[in-house]
Each structure stands twice: as C-alpha cells, then as structure tokens.
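Spelled out from the first residue to the last, the chains are:
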Amino acid sequence: MTKKIAIIVEHSAGRVKSVIYELLSMAKKIMMLEECKITLFIIGEGIDKLSQSISMDTGHDIYAVHTPGFLKYNGSLYKEIFSKLFTQKNFDYICAPHSISGMDYAPALSVALQSVCITGVEDVRVEDGEIYFLRSMFGGKLTAKFVNGLNPLVMTIQPGSFKPFFLKKEKTGKAKTGKARSGRITRMVYKYNENTMVFTGSKVSPCKGSELDKADVIVSGGRGIGEKKNYKYIEMLATLFPRSATGASRPICDYGWVKYSKQVGMTGAFVSPKLYIACGISGSNQHVEGIRNSKFIVAINSDPQAPVFQIADVCIVEDVIEFIGIFVKKFKKEKLITRGLEKAAIKASARMKN
Ligand SMILES: Cc1cc2nc3c(=O)[nH]c(=O)nc-3n(C[C@H](O)[C@H](O)[C@H](O)COP(=O)(O)OP(=O)(O)OC[C@H]3O[C@@H](n4cnc5c(N)ncnc54)[C@H](O)[C@@H]3O)c2cc1C
C-alpha cells in the first residue's frame, strides 16, 4: 500500500526556508524503501506565489492554508490547523524542520494526534526490512535508533543531516529543483480568532546567514591557540582554501577573541563543509555535535589523547601555531615552485612549436 508523507514548509519574508529540500531528500530516502506519495503543507498570509513556485520546483502537490492577518509564525495557529488537518487526513509520516518553530509545533501535534514524535532525526536506515530513524543523544555521546510504533509518525529533521534534494542543474550552474510537471495546489482559507500566542518580534541569530553556512572549508580555532592575537593563524590557514570561512569553539567566543557568529557547535552553528579543520580544539561533545556532518575532518592538537582525534579523518599531533606557520610557508613556497614550473613548461612548449 502506498504510504503518505507530509512535509511542512517553513518560510519567512516571502522565501521558503532551504531546509525543505533536505526534508525532501529524507522523504526520497524513505521512498527508496517503501512506496510513498509526498504532499507539502504551507500556512500563512500572501502565500499564493510561494505555493506556486514550490509546486513547480518540486512537482509535488501542495496544501496552502491562507491565514489572513498572520504573516509570521504563530504557534497556537500552526498547532490548531495541523491538528485539524492531520486528524482528517491520514498520513504515515509528518516531517518538519528541527527549527525553533518546528520544535514548538511538532511535539504538540503528535500529542493532538495521540501519536509519537521523534525530534532531531539525522538519518534513515533499513534493517531486516524495518525502517529505523537515527538521532544523536546526550550531546552526541550516543546514537539512538527508533522504530515507528504508531501512525502517524511526526518527525523534526536536523538541518544539515541530508543533502538537499535538487532535481537538475540549470546551465548557469545554479541548483534548480524544477520538474516539467508542477503539483496540484489545494487552496483553503482559515479564519483564526482565538490568538493565545502573540508575535512580538524576531531577531536574526548571529550564526544565521554567516559565511559558515556556505563555506566548503571551515578552519576553526579553540582554546589551544593560546591567545587572541593567534587567531590570525586560523585566518592565514583559511585563506589557502577557496570558499573558506573561519570558525571557533565556544570558550574563545566567551573570551571575546572572536564574534559569537563564528561559534560552531550545539549552541552555535551546525556546519557541514567538505573539509573542517579543528585547531587547538579538544573535541567536546557540544563542539562535535555541530561538526559531525562535515565530509572530512582534520584535527591539530598537541595532546595525542584529545577526544577530537576520535572523530578526525586526519590527526596531527603538533603545536598548532608552529604547525600552521610552517604549513602556510611551505604551501606558498610549493605553490610558487609549481607556478614557476608551469610557466617554464609553457615557455618550453612555445619554443618547441617555433
Ligand atoms: C550547554 C553547553 C553548550 C555548549 N555549546 C558549545 C558549542 O556550541 N560549541 C563549543 O565549542 N562548545 C560548547 N560548549 C563548551 C564545551 O563543553 C567545551 O568547553 C568547549 O567546546 C571546549 O572548547 P575548546 O576545545 O576550545 O577548549 P578546551 O577543551 O580547553 O581544549 C583546548 C584543546 O587545545 C589543545 N591545545 C592546547 N595547547 C595547544 C597547542 N599549543 N597546540 C595544539 N593544541 C593545543 C588541548 O590539548 C585541548 O585539547 C558548551 C557547553 C555547554 C555546557
């Protein structure tokens, strides 16, 4: 029997939050294990254009609930609408982002549906024909494996855990989710009067939209760098890589050596670069929690027993400042030699042609 997956679309300032493409990716993973149909759900004011573009981009059907007077997220409204909708419509999986709002409405929704909620899902696996959902617990010390016992299963998905699902790339190289056929849009208006929750304003987190989100390579410094002025070594190392950014562990943000927008970890940014270089960072659970989705991790630490080495792909036991100093010098020298050799080779081939 075809299973049904609901994906909740979060949006702000007329734009869809990109985590929806990660939710789609997770849904596609479930679809590889069992036959499923995806439907998207969006709530808000002035969401016509947004619903159209999502249905075109994803090719999936979308349920658009128009809520006049409610431009911004409102917890009591979301809980009421979703409880009513999902009581009428039977879904097997209801997926929301593990965002501030997702963490608010998803557990409440599962209570209303007398069902269950798994928060912060990071992976989906199948064992002996059964689907499991994985998430880390106790600051990353344990990985818990959940199997669904009740329908529907409400889940919040940890951003950065699934590669965003894009259908094709445009010639411009820009990621595009476009599908030839767009999904069906079901439009309904919901009048909500009983407002028990009042929106008073929002502040952008210092980590959001920072360069850490987009960087391919992140070089982070920790307490092991010794003092504030040594952070320049972290910056020096980062400049060797294109599309790079610098990060930090929490203590050096607390000391005021760098801005909080650079903090990586459980209470900072969750990052997923191609390469993460941890410099003078011990590897506490709270830091590791934020970097576990990095594709490749290099750690530089003077203590061979540092916990960070347990998760690193390359472990360098050295004084971090000394190592970076020598490495940067050597790198630049090698690059000059390579450039010199390339130039000489071009000259030689030109001479041969003449
Ligand atoms: C609720 C809560 C939330 C938290 N959230 C976060 C978070 O989001 N992000 C985060 O980072 N932390 C967070 N923390 C703090 C976390 O528990 C650790 O204290 C912190 O990550 C340690 O930072 P560190 O590795 O830079 O420092 P330390 O643990 O002091 O490690 C310094 C490391 O540098 C090495 N070292 C020293 N000298 C040198 C040298 N010359 N060369 C090379 N290596 C050297 C040492 O061997 C050591 O391993 C949180 C804590 C709590 C309680």
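Counting restarts for each chain, with residues numbered from 1 along the sequence as it is written. For this predicted model, a pLDDT threshold of at least 70 governs which residues receive local features, and a threshold of 80 or more governs which side-chain atom pairs are given and counted, while totals over whole chains, interfaces and linings are taken from all residues. Note that the side-chain values use all heavy atoms of the structure and ignore hydrogens as well as water.

Participant: Can you help me understand the overall build of the protein chain in this one?
Facilitator: Helix and strand definitions follow DSSP, with helices as H or I runs of at least four residues and strands as E runs of at least two, each counted in order from the N terminus. On a plain count of helices and strands, the protein chain comes out with eight helices and 19 strands. Projecting the C-alpha coordinates of the protein chain onto the three principal axes gives extents of approximately 70 × 55 × 50 Å. Categorising residues by exposure relies on relative accessible area from a 1.4 Å probe, with only protein chains included: less than 20% of the type maximum marks a residue as buried, more than 50% marks it as exposed, and the intermediate range marks it as partly exposed. The proportion of buried residues among the 354 residues of the protein chain is 45%. Two residues form a contact once any of their heavy atoms are found within 4.5 Å. For the protein chain, restricting intrachain contacts to residue pairs at least 6 apart in sequence, the fraction spanning at least 24 positions comes to 63%. The Shrake-Rupley method, run with a 1.4 Å probe sphere, supplies the accessible areas, and residue values consider only the shown protein chains as cover. When the accessible area of the protein chain is evaluated, it comes to approximately 19,600 Å², of which 55% is carbon and sulfur surface. Here the protein chain holds 51 positive side-chain charges and 32 negative ones, and the gap between their average locations is 8 Å. Under this rule, positive means Lys or Arg and negative means Asp or Glu; His and the chain ends count for nothing. Charge placement uses NZ in Lys and CZ in Arg. For Asp and Glu, CG and CD serve respectively.

Participant: Help me out: how do you make sense of helix α3 (residues 75–88) in this one?
Facilitator: Between the first and last C-alpha of α3 there are 20 Å, a value that for 14 residues agrees with the 20 Å anticipated at 1.5 Å per step. Those residues of α3 that fall on the buried side of the exposure criterion are G75, S76, L77, Y78, I81, F82, S83, L85 and F86. Multiplying 1.5 Å by the residue count of a helix minus one yields the expected span of that helix.

Participant: So what exactly am I meant to see when it comes to the site of the ligand here?
Facilitator: Near residues are defined by distance, with any heavy atom within 4 Å of the molecule or strand qualifying the residue. Looking at the ligand, there are 24 residues lining it, with R223, S249, T267, S282 and N301 nearest. One of the backbone N or O atoms of V264 is found 2.9 Å from a nitrogen atom in the ligand. One nitrogen or oxygen atom from the main chain of V320 is found 2.9 Å from a nitrogen atom belonging to the ligand. For the ligand, whose accessible area on its own is 990 Å², the fraction buried by protein is 72%. For this analysis, a polar contact is any N or O atom pair within 3.5 Å, provided that within protein one partner can donate a hydrogen and the other can accept it, and provided that sequence-adjacent residues contribute only side-chain to side-chain pairs.

Participant: Could you clarify how one ought to interpret the domain arrangement of the protein chain in this entry?
Facilitator: When the parts of a complex come together, some accessible area is lost, and that lost area is often taken as the interface size. The domain boundaries assigned to the protein chain delineate domain 1 (3–189) and domain 2 (211–336). Relative to domain 2, the C-alpha centre of domain 1 lies at a distance of 33 Å. The interface of domain 1 with domain 2 comprises nine residues on the first partner and eight residues on the second. Buried area is understood as the total, over both parts, of accessible area removed when two parts are fitted together, assessed with a 1.4 Å probe. A combined buried area of about 610 Å² lies between domain 1 and domain 2, and 40% of that area is made up of carbon and sulfur atoms. Summed over the shared surface of domain 1 and domain 2, the result is one residue pair in polar contact (both at pLDDT 80 or more). In this document the domain limits rely on a domain assignment from an automatic tool or a database.

Participant: Honestly, the sheet that holds strand β5 (residues 61–66) in this entry has me stumped. Any pointers?
Facilitator: Sheet strands pair by backbone hydrogen bonding; their relative direction is either parallel or antiparallel. A sheet is described by the order of its strands in space; here seven strands give the open sequence β7-β11-β6-β1-β4-β5-β14, paired in parallel fashion. Either end of the sheet is taken by a strand with one partner, and the two such strands are β7 (116–121) and β14 (185–189). Pairwise comparison of adjacent strand axes, ignoring direction, gives a mean angle of 20 degrees for this sheet. Strands pair, by our definition, only if DSSP identifies at least two bridges between them. Here strand β1 (residues 3–8) runs beside strand β4 (residues 36–44); their pairing, made up of six bridges, is parallel. Bridge pairing in β4 links I7 to L40. Sitting on the sheet, α3 is in contact with β1, β4, β5, β6 (93–97) and β14, with an inclination near 145 degrees to β4. The strands touched by helix α4 (residues 100–112) within the sheet are β1, β6, β7 and β11 (153–157), with β11 carrying the most contacts at an inclination of about 170 degrees. An axis is simply a line fitted to the C-alpha atoms; with a helix, the fit covers only the stretch in contact. Between two such axes, the angle follows the N-to-C directions and lies from 0 to 180 degrees.

Participant: I would appreciate a short explanation of the packing of helix α5 (residues 231–238) against helix α8 (residues 320–353) in the present structure.
Facilitator: Taken N-terminus to C-terminus, the directions of α5 and α8 make an angle of 35 degrees; their axes are 10 Å apart at the nearest point. With respect to the hand of their crossing, α5 and α8 are arranged in left-handed fashion. Here Y233, I234, M236 and L237 of α5 come into contact with α8, specifically with I321, I324, G325, F327 and V328. When residue character is reported, Ala, Val, Leu, Ile, Met, Phe, Trp, Tyr, Cys and Pro are called nonpolar, Asp, Glu, Lys and Arg charged, and the others, Gly included, polar. Its residues assigned to classes, the contact of α5 with α8 shows eight nonpolar, one polar and no charged. Crossing chirality is assigned from the near helix's rotation relative to the far helix, an anticlockwise turn below a right angle marking it left-handed and a clockwise turn marking it right-handed.

Participant: How do you make sense of the nonpolar core when you look at a structure like this?
Facilitator: Within soluble globular proteins, side chains that are nonpolar tend to cluster in buried spots. Counting residues in each nonpolar core, the largest one holds 31 residues, and the members touching the most others are I7, I30, F133 and M155. Counting residues in hydrophobic clusters, the runner-up holds 24 residues, among them I225, Y231, L237 and I321. Here, nonpolar core means buried Ala, Val, Leu, Ile, Met, Phe, Trp, Tyr and Cys residues that are tied together by side-chain atoms lying within 4.5 Å of each other.

Participant: Would you take a moment to explain the confidence of the model for the protein chain for this structure?
Facilitator: Interpretation of the predicted coordinates at a detailed level should be avoided for regions scoring low in pLDDT. The quantity called pLDDT is the predictor's confidence in a given residue, expressed from 0 to 100. The pLDDT averaged across the protein chain works out to 88; a share of 93% of its residues lies at or above 70. Within the model, the stretch residues 168–175 combines pLDDT values under 50 with eight contacts to residues more than four positions away or in other chains.

Participant: Is there a simple way to explain the layout of surface pockets in this structure?
Facilitator: Empty space among the atoms can be located by rolling a probe the size of a water molecule over them. Of the two site types, the cavity is a set of points on a 1 Å grid over the protein atoms alone where a 1.4 Å probe fits but cannot get out, and the pocket is an open set with protein on both sides within 12 Å along at least five of seven lines, each lined by residues with an atom within 4 Å of a point. Grid points are joined across faces, edges and corners, and a volume is the space filled by probe spheres set on the points. A volume near 270 Å³ is recorded for the second largest pocket. Along the walls of the second largest pocket sit 18 residues, with S249, R250, P251, S284 and H287 positioned nearest its centre.

Participant: I tried to follow the environment of F309 on my own but got confused; where do I start?
Facilitator: Tracing the backbone shows F309 in the loop between β18 (296–301) and β19 (314–317). Those residues in contact with F309 that lie beyond four places of it in its chain are A299, N301, D303, P304, C315, I316 and V317.

Participant: So what exactly am I meant to see when it comes to the packing of aromatic side chains here?
Facilitator: For any pair of aromatic rings, the description rests on two quantities: the centre-to-centre distance and the angle between the ring planes. Two rings belonging to Phe, Tyr or Trp (six-membered ring only in the last case) form a pair when the distance between their centres is within 6.5 Å. Interplanar angles under 30 degrees mark stacking, angles over 60 mark edge-to-face geometry, and anything in between is tilted. Within the structure shown, the criterion is met by 15 aromatic pairs. Ring centres 5.7 Å apart and planes at 25 degrees place the aromatic pair F82 and F86 in the stacked group. Here the residue F82 and the residue F86 both occupy positions in helix α3, the gap between them amounting to four residues, near one helical turn. An identical accessibility class is assigned to F82 and F86; each is buried. An aromatic cluster of at least three residues, connected via ring pairs, comprises F41, Y63, Y73, Y78, F82, F86, F91 and Y105. Above the face of the F91 ring, K4 is positioned so that its terminal group lies 5.0 Å from the ring centre. Over a ring means this: the NZ of a Lys or the CZ of an Arg is within 6 Å of the ring centre and within 35 degrees of the ring normal.

Participant: Which parts of the structure should I look at to understand empty space enclosed by the protein?
Facilitator: Using the criterion set out here, one finds two cavities of 30 Å³ or more in the structure. Considering only enclosed or pocket space, the largest cavity measures out at about 70 Å³ in volume. Grouping the constituent residues of the lining of the largest cavity by class yields three nonpolar, five polar and three charged. Each of two domains, domain 1 (3–189) and domain 2 (211–336), supplies a minimum of three residues to the lining of the largest cavity.

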